[in-house]
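Examining the three-dimensional arrangement
Take a look at the letters that make up each chain.
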Amino acid sequence: MDIKIDFTNMMADAIGDEHGITDKEIKDVNDLASKSLIELQDERRKKGHPFMDLPYQDDLVDEIEKTADEISEGFENFVVLGIGGSALGNISLHNALNHPYYNMLGHEARNGRPKIFVMDNVDPDKFSGFLDVVDPKTTMFNVITKSGTTVETMSQFLIMSRILKNRIRKDYYKHFICTTDGKQGLMREITDREGFKSFIIPDGVGGRYSVLTPVGLVSASVSGININELLSGASSMDERCAFDDINDNPALMNALLQYISYKKRGKNVLIMMAYANALSGIVDWFCQLWSESLGKKDSISGETVNCGSTPVKAIGVTDQHSQLQLYMEGPFDKVITFLHVERFNKNIEIPKGTVDKLEYLGGHTLNDLMEAEMIGTQLALTENKRPNCTITLPEISESTIGQLIYMLEVQTAIVGKMYEINPFDQPGVEASKINSHALLGREGYEERRKEIESYRKAGSKHVV
Ligand code: PA5
């Protein structure tokens, strides 16, 4: 069951020449898109982009599943401590593939699997609230950090290890499983010293491309998600991504359309509107993937380019009653990608003949309502000359989510090549990390600390 992209409403014959893409534009950019894909695939063959080979990890799957079963037998809760690329992939998989109220289900309804929490912030009120509801004694903590030094994750780790050491003493180490670099970083050092069970984040796979490594797979498997199916969905998309013809490769076609929209048509805002609450986490994950990969100051050749369109999350139908007014009538700076699910897992019928003047709803299902509202919105946007395309998932399953994740990753990497920037680094994020280390008094950051202090001494000059 393949996912597909319908880009009819991006084209000039649907929304007019002023905002729609013409066949000529596609033809003009086609060579650049194919060349970018070929380059990416060539570099992959030279072991350049290990994220592209992640669908093929049979041995790892067996190991993860075995560990997940052991964790399920021994623990009531499984908690991810991580942030950014070390958290969003986890959230997206649980959100998409588990019951919408998974943690509220009883033990049996969860098939004896632990409750899952992803602590991806250091908000003290939230963390303290978490400690009110989760007993560390029955909890496995999965510390996920590629660098092994991220302040948020390390702080959470320090808090939890103190609590566990106080309560459980010598066996405290049995409550940690770490997912980090195989050789480097402080977390690797601690893991080896303390004897924590651990998984490795492969070399060269950055956080936002790591959901199909143990970063995302361990917690998914602990909750009973079929990670084999997830990876085989990704591998089937990998086969489609090998074609350098835009008509056969959805990642390539979408990369080309987004490139034209941004570079040639000034569409600076990319809205991803999911008509399924289960895809809400995928949209958050995509927003990070797109922002960190494509929002860059410098091109590969060192020219200042300051490029990147801004991704915005929207959920249908909810945001029809919130953001849609702006999409319909605001500036012509947006391109909308709908995520559409053909078949939901459940059908809910609206009762017939109970209230006068609402008869037209009776006998339909909430599924019909969702579909009608999405089609209505697509049509209204198209009539208002707002470019939009639709990615359709036949259903939400491990296979379709694997396909979607892989397609969006490859699409993002191709667009990065087309922009001539590096879609795999994040120097902007590093800058803020350095500042936090300096402010917190980390050794080696003294100079930066002095600079920040003098900036702060100057105080705020314009406050109301
Ligand atoms: O995508 C990225 O590279 C970032 O979002 C990182 O995942 C995030 O900063 C956390 O870093 P780390 O995994 O090193 O703790």
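Residues numbered from 1 in each chain as written. Predicted model: local features only at pLDDT ≥ 70, side-chain atom pairs only at ≥ 80, totals over all residues. Heavy atoms only, no water.

1. With respect to the sheet that holds strand β11 (residues 334–343)
A sheet is described by the order of its strands in space; here five strands give the open sequence β1-β12-β11-β7-β10, paired in mixed fashion. Of all strands in the sheet, those with a lone pairing partner are β1 (4–6) and β10 (310–315), marking the two edges. The mean inter-strand angle of the sheet, taken between neighbouring strand axes irrespective of direction, is 20°. In this sheet, β11 lies alongside strand β7 (residues 269–274) in parallel orientation, the contact comprising six bridges. Following the sheet pairing, leucine 270 is matched in β11 by valine 335. Sitting on the sheet, helix α10 (residues 250–264) touches β1, β7, β11 and β12 (388–395), and the angle it makes with β11 is about 150°. The sheet contacts of helix α13 (residues 366–383) involve β11 and β12, and relative to β11 the element is tilted by about 155°. (Pairing = 2+ DSSP bridges. Helix = DSSP H or I, 4+ residues; strand = E, 2+ residues; numbered from the N terminus. Axes fitted to C-alpha atoms, helices over the stretch in contact; angles between N-to-C directions. Contact = heavy atoms within 4.5 Å.)

2. What about the site of the ligand?
Taken together, 14 residues form the shell around the ligand, and within it Ser86, Thr145, Ser147, Thr150 and Gln288 come nearest. Contact distances for the ligand include 2.7 Å between an oxygen atom and a side-chain N or O atom of threonine 145. With respect to the ligand, the side chain of lysine 433 contributes an N or O atom lying 3.2 Å from an oxygen atom. Here the ligand, which alone exposes 380 Å², has 93% of that area covered by the protein. Partitioned by chemical class, the residues of the shell around the ligand number one nonpolar, nine polar and four charged. (Near = heavy atom within 4 Å. Polar contact = N/O pair within 3.5 Å; in protein donor to acceptor, adjacent residues only side chain to side chain. Areas by Shrake-Rupley, 256 points an atom, 1.4 Å probe, with all protein chains shown as cover. Nonpolar A, V, L, I, M, F, W, Y, C, P; charged D, E, K, R; others polar.)

3. Quick word on the packing of helix α2 (residues 23–45) against helix α14 (residues 398–419)
Contact geometry of α2 with α14 gives a least axis separation of 9 Å together with a crossing angle of 110°. The orientation of α2 relative to α14 falls into the category roughly perpendicular. Two packed elements cross with a definite hand, and for α2 against α14 that hand is right-handed. Contacts between α2 and α14 involve Val29, Leu32, Ala33, Ser36, Leu37, Glu39, Leu40, Glu43 and Arg44 from the former and Tyr406, Val410, Ala413, Ile414, Lys417 and Met418 from the latter. (Parallel < 35°, antiparallel > 145°, perpendicular 65-115°, else oblique. Left-handed = near helix turned anticlockwise from the far one by under 90°.)

4. As for the pairing of β11
Burial of β11 is extensive: eight of the 10 residues sit out of reach of the surface. As judged from the seven bridges shared by β11 and β12, these two strands associate in the parallel manner. Residue pairing across strands places phenylalanine 338 opposite threonine 390, the latter belonging to β12. Remark: the β11/α13/β12 crossover connection has right-handed handedness. (Buried < 20%, exposed > 50% of the residue type's maximum accessible area, 1.4 Å probe, protein only. Right-handed = clockwise from strand over helix to strand, strands pointing away.)

5. A look at the sheet that holds strand β2 (residues 77–81)
One open sheet accounts for five strands, arranged β3-β2-β4-β5-β6; its pairing is parallel. Looking at which strands have only one partner, the edges of the open sheet turn out to be β3 (115–119) and β6 (197–200). Across the sheet, the mean angle separating the axes of adjacent strands is 20° when strand polarity is ignored. Here β2 runs beside strand β4 (residues 139–145); their pairing, made up of five bridges, is parallel. Bridge pairing in β4 links asparagine 77 to threonine 139. The strands touched by helix α7 (residues 186–194) within the sheet are β4, β5 (176–180) and β6, with β5 carrying the most contacts at an inclination of about 145°. Running over the sheet, helix α8 (residues 214–222) touches β2, β3, β4, β5 and β6 and is turned about 165° from β2.

6. Describing α8
Since the α-helix turns once every 3.6 residues, residues separated by three or four places project in the same direction. Counted residue by residue, α8 has nine buried out of nine residues, so it is predominantly covered. Inspection of α8 places Pro214, Val215, Gly216, Leu217, Val218, Ser219, Ala220, Ser221 and Val222 among the buried residues, and these make up the whole buried set. Looking one or two residues past α8, glycine 224 carries a phi angle of roughly 95°, positive in sign.

7. Brief notes about the environment of valine 122
Tracing the sequence through the fold places valine 122 in the loop between β3 and α5 (124–133). Overall, the relative accessible area of 40% leaves valine 122 in the partly exposed class. Sequence spacing of valine 122 and glutamate 152 is 30 residues, and the spatial spacing of their C-alpha atoms is 6.1 Å. Valine 122 has contacts with Glu152 and Gln156, leaving out every residue within four places of it along the chain.

8. Let's talk about unusual backbone geometry
The residue after glycine 316, namely valine 317, is reached through a cis peptide bond having omega 0°. Phi is positive for lysine 47, which is not a glycine, with a value near 65°. Of note, lysine 47 is situated in the loop between α2 and α3 (58–74). Owing to a relative accessible area of 70%, lysine 47 belongs among the exposed residues under this scheme. With a phi close to 70°, lysine 357 is a non-glycine residue in the positive phi region.

Just geometry here; none of it tells us what the structure is for.
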